[in-house]
Amino acid sequence: ELGALLDERLGRGEPAEAAFRRAVQLDDQAPRPLERLVSLQLRRGAWTEASPFLQRLAGLLPADRAAALFRQAAQLASAAHDGTGALALRRQAHALVPATGDELAELALSLYAGGSHAEALPLLASVVSALDQGGRPAREAEVLLAHADLLAESGELAQAEAALRRLADRPDAPAAAVE
């Protein structure tokens, strides 16, 4: 209760975090203080510090809430230019609750960037398929380019060319697609 008071009423994040950390030390199976501690740490961008608590918390929360926290931490890891950490967190979230929309695009692009091409290709294909049904991920051009690259890599040259044509027709087409 002290942590909640410090955070919610007084806006004092550091003392609140210390109070929740102490509560977690007293009872490491209580999800509420653990969740508040992780939320405070993620709010201040300390995803590496939150990681061990997040792993413990994931076992105590419903899958959808745990997946949301993993995705939030993945965004912070990505913003900190830790692609490996972001990918690991996205994989954990996806294992709990399959990603859709922008989350699926981010996972697929992380896999692609991380060299997991065989794993990325079907996910990229799903994102591209969603494009045909009106879905528009924030990183659409990157999805199309990565999809075309992996299609070419797998020997599907006609499909890769069609994907590049689709991308080249866009007003914001990257030069690599037009060439």
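Attention here is on the structure that accompanies the text. Predicted, not measured: the structure shown is a model, and the values here were computed from it.

### Structural notes on the overall build of the chain
Scanning the chain for helices and strands turns up 11 helices and 0 strands. Secondary structure of the chain in N-to-C order comes out as α-α-α-α-α-α-α-α-α-α-α. The proportion of buried residues among the 179 residues of the chain is 40%. Taking the contacts inside the chain whose residues are at least 6 apart along the sequence as the reference set, 44% of them involve residues at least 24 apart. Total accessible area on the chain stands at roughly 9700 Å², and carbon and sulfur atoms take up 52% of it.

### Remarks on the packing of helix α4 (residues 47-58) against helix α6 (residues 83-96)
The interhelical angle for the contact between α4 and α6, taken along N-to-C directions, is 25°, at an axis separation of 13 Å. By the angle between their directions, the pair α4 and α6 is classed as roughly parallel. Crossing hand, α4 versus α6: left-handed. From α4, Trp47, Leu54 and Gln55 reach across to α6, where they touch Gly85, Leu89 and Gln92. Taken together, the residues of the contact of α4 with α6 sort by class into 3 nonpolar, 3 polar and no charged.

### Re the pattern of salt bridges
In total, this model carries 7 salt bridges according to the counting rule given. Put simply, Arg65 and Glu35 hold a salt bridge, and the shortest N to O gap is 2.3 Å. Note that Arg65 is positioned in helix α5 (residues 63-79) and Glu35 in helix α3 (residues 31-43), a separation of 30 residues in sequence. The exposure class assigned to Arg65 is partly exposed, which follows from its relative accessible area of 37%. With a shortest N-O distance of 2.6 Å, Glu142 and Arg139 are connected by a salt bridge. The exposure class of Arg139 is partly exposed, given its relative accessible area of 28%. Within this structure, Arg90, Glu106, Arg139 and Glu142 form a network of salt bridges that share partners.

### Topic: helix α7 (residues 101-113)
Taking 1.5 Å of rise per residue, 13 residues should cover 18 Å, and α7 covers 18 Å from first to last C-alpha, within 8% of that figure. Those residues of α7 lying buried are Leu104, Ala105, Leu107, Ala108, Leu109, Ser110 and Leu111. Against the buried residues of α7 lie α6, α8 (117-132) and α9 (140-153). Gly115, located one to two residues past α7, shows a positive phi value of around 90°.

### A closer look at α4
Compared with an ideal rise of 1.5 Å per residue, which puts 12 residues at 16 Å, α4 spans 14 Å between its outermost C-alpha atoms and falls more than 12% short. Where α4 is concerned, the buried positions are Trp47, Ala50, Phe53, Leu54, Leu57 and Ala58. One side of α4 carries all its buried residues, which in axial view fall inside an arc of 140°.

How each quantity is defined
Residues numbered from 1 in each chain as written. Predicted model: local features only at pLDDT ≥ 70, side-chain atom pairs only at ≥ 80, totals over all residues. Heavy atoms only, no water. Helix = DSSP H or I, 4+ residues; strand = E, 2+ residues; numbered from the N terminus. Buried < 20%, exposed > 50% of the residue type's maximum accessible area, 1.4 Å probe, protein only. Contact = heavy atoms within 4.5 Å. Areas by Shrake-Rupley, 256 points an atom, 1.4 Å probe, with all protein chains shown as cover. Axes fitted to C-alpha atoms, helices over the stretch in contact; angles between N-to-C directions. Parallel < 35°, antiparallel > 145°, perpendicular 65-115°, else oblique. Left-handed = near helix turned anticlockwise from the far one by under 90°. Nonpolar A, V, L, I, M, F, W, Y, C, P; charged D, E, K, R; others polar. Salt bridge = Lys/Arg side-chain N within 4 Å of Asp/Glu carboxyl O. Expected span 1.5 Å × (residues − 1). Arc of directions from axis to C-beta.

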